[in-house]
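# Structure assessment
So the chains spell out like this:
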Amino acid sequence: MYRELRSYRSLLHPLWLGALALLVLNDHALKGSGLLPGWLTGKLSDFAGLLVAPAVLAALLCLSSRRAFLGAHLATGAVFSAIKLAPEAARAVEALMALTPIPWRITVDPTDLIALPALLVSYRVLGEAARRPGPAPRPVAHRLALMAGSLACAATSRAPEPCDGIDGCEPPDPQESASLVIGNTTETEQLIRVRRLRESVRLDCGVVLADPTSALSRDLFANAETWLIQPGRALPLGNTRCDAYLIDADGLPLTLLAWSAAEFPEQFLVTSTENPLPDRMITLQRAGARLELAEHPAVFPAPPLETPPPAEACSVSVDGSRLDWTLPLAEAAVLTSVTSSPDGCHALTLDRGETFFLCAPAEAIPFSVGDIVRVSPVGVDGGSYPELPQDQQAFARGIHIESETHSVLAVRGNVLARWSMVDRQAPAGFSAALTPLAGCDAFQDACGSLVAPLEASLLGEGVSGVVSLRAGESAKLAEGAETLLLVRAEDMPVRDAECFTAPIDQPRLLESVLVAVNAAP
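Just so it is clear, the structure is predicted and the values come from calculations on it, not from any experiment. (Residues numbered from 1 in each chain as written. Predicted model: local features only at pLDDT ≥ 70, side-chain atom pairs only at ≥ 80, totals over all residues. Heavy atoms only, no water.)

### A look at the pattern of salt bridges
- Inspection of every chain in the model, using the stated rule, returns 16 salt bridges.
- Among the ionic pairs, D112 bridges to K43, the shortest N-O distance being 2.8 Å. You can see D112 sitting in the loop between α4 (87–97) and α5 (117–131) and its partner K43 sitting in helix α2 (residues 38–60), a full 69 residues away along the chain.
- Its salt-bridge partner being R397, residue D381 comes within 3.2 Å of it at the nearest N-O pair. With D381 in strand β17 (residues 372–381) and R397 in strand β18 (residues 395–402), this residue pair connects regions lying 16 residues apart in the sequence.
- D381 sits in the exposed class, given a relative accessible area of 52%.
- Using a relative accessible area of 32% as the deciding quantity, one classes R397 as partly exposed.
- Salt bridges here are not isolated pairs; linked through shared partners, they connect K43, K84 and D112. (Salt bridge = Lys/Arg side-chain N within 4 Å of Asp/Glu carboxyl O. Helix = DSSP H or I, 4+ residues; strand = E, 2+ residues; numbered from the N terminus. Buried < 20%, exposed > 50% of the residue type's maximum accessible area, 1.4 Å probe, protein only.)

Structure follows, in structure tokens:
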């Protein structure tokens, strides 16, 4: 049988009253008393507040259905989650509450989400109490309870009263939103230099944190910012993803800091060396006449000043053979000259006076003067390719040149060239798998990007057995009627997206060319 829900009944349930008492006692007696650690009093406020707040919201709105009562709990959980996960949401709520007589101070801490199950307890227990039949309480009783609950919820995140140390009050420790802080525990002020990864750097966090010193190059960091840290103060460092810093000072050797936001999420941290959160402060301390950063999970030796070049056998491409091109007009034209330069680029001039360029191995230019050629762009955005990593979408760009005798397809992206990209039927297809090149370690290129050479293994109807290719090698396909040239094959788990050695912003880079002999008409 349907029973009307009366929200105010939940305000007199023992669970709600107990949570209200705990909330008031914790916020006005236990916090800052030293009887309990700060992290525990914070969590007590979260659990008690999530038991008190939804019922208060339901009573204020005079909700009278179970669905509406559930909505009050969902709304409370959504707001709570937003302000604990997103600094922007927390600042927005603080700005809103600043317009009221009770301003708030919100600590962004994703670990506070551990209190969310309290909402389920509130909905099940207090929701049933709100639906239970019985004599209505006196209006003054539920009004007093509603007033007390509203005041307790509003005051639980109330900003502390200003204090300048007069009249025996203790000024609050300064706080800023940060992931970690560097605390100066020396007796003198310290001028330190901080270099952060450039905005254009893309990285695989797992690869970097496995060995930050080897994975990162000094070339990936921006210009230094200089900060003066007074004794007893701490410099906040932000990190909303997976970030790294280079730190040094007079007497402090260059040191690398690297960590993920998942390990140390941003929240309000004390910017003094007193009462820091556990593991959130990296101590700057004296080691004899020198300075050092104390041992911490985010502290690593700095990358070497110079990194050794890869062995010749481990190069990801052959000098002078990397792919690049320009596109002429789409109309067919007669080829009047082909001029090749030592850097591997070929100028193809057409009878209408236009010249376009293709930088590729010489085998990719099977055309002769007098051939009628048609040139068109190639684009791949999606599709299924066996060599494609599961976490990546197929992406490639290229150029297709066709004459009566030959067809050339040059492609740069994360997949190998296939005739299906230009709607041309291949005599026989092939499958490919890419693996790290045996015996070759990842290395830094000229821009500081981390490059891991790959090897391609081909098999299928168009391949005789299994053929392995590395950069600079080719394979005959379709009984010699086609040739696949592997120009470049590498993974780039750390890369500078604005660097000329990374022409496309993606973690895998393949450059390949398919050359086919066209059947006689």
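### Focus: the side chain of T349
- Along the chain, T349 falls in strand β15 (residues 345–350).
- You can call T349 buried: its relative accessible area is 19%.

### Here we look at the state of the cysteines
- Under the criterion given, the structure shown has three disulfides.
- Disulfide pairing places C447 opposite C499 at an S-S distance of 1.4 Å. Disulfide C447-C499: the torsion about the S-S bond is 55°, which places it as right-handed. Placement of C447 in the loop between β21 (443–444) and β22 (450–459) and of C499 in the loop between β25 (482–496) and β26 (508–517) is noted, with a sequence separation of 52 residues between them. This pair shows no difference in class: C447 is buried, exactly as C499 is. (Disulfide = S-S within 2.5 Å.)

### Digging into the sheet that holds strand β10 (residues 281–287)
- Within the open sheet, the four strands sit side by side as β6-β2-β10-β11. Their pairing is mixed. On the outer flanks of this sheet lie β6 (234–237) and β11 (290–293), each paired with one strand and no other. Averaged over neighbouring strand pairs, the angle between their axes works out to 20° when direction is ignored.
- Bridge count for β10 against β11 is four bridges, and the pairing is antiparallel. Bridged to R286 within β11 is L291. (Pairing = 2+ DSSP bridges. Axes fitted to C-alpha atoms, helices over the stretch in contact; angles between N-to-C directions.)

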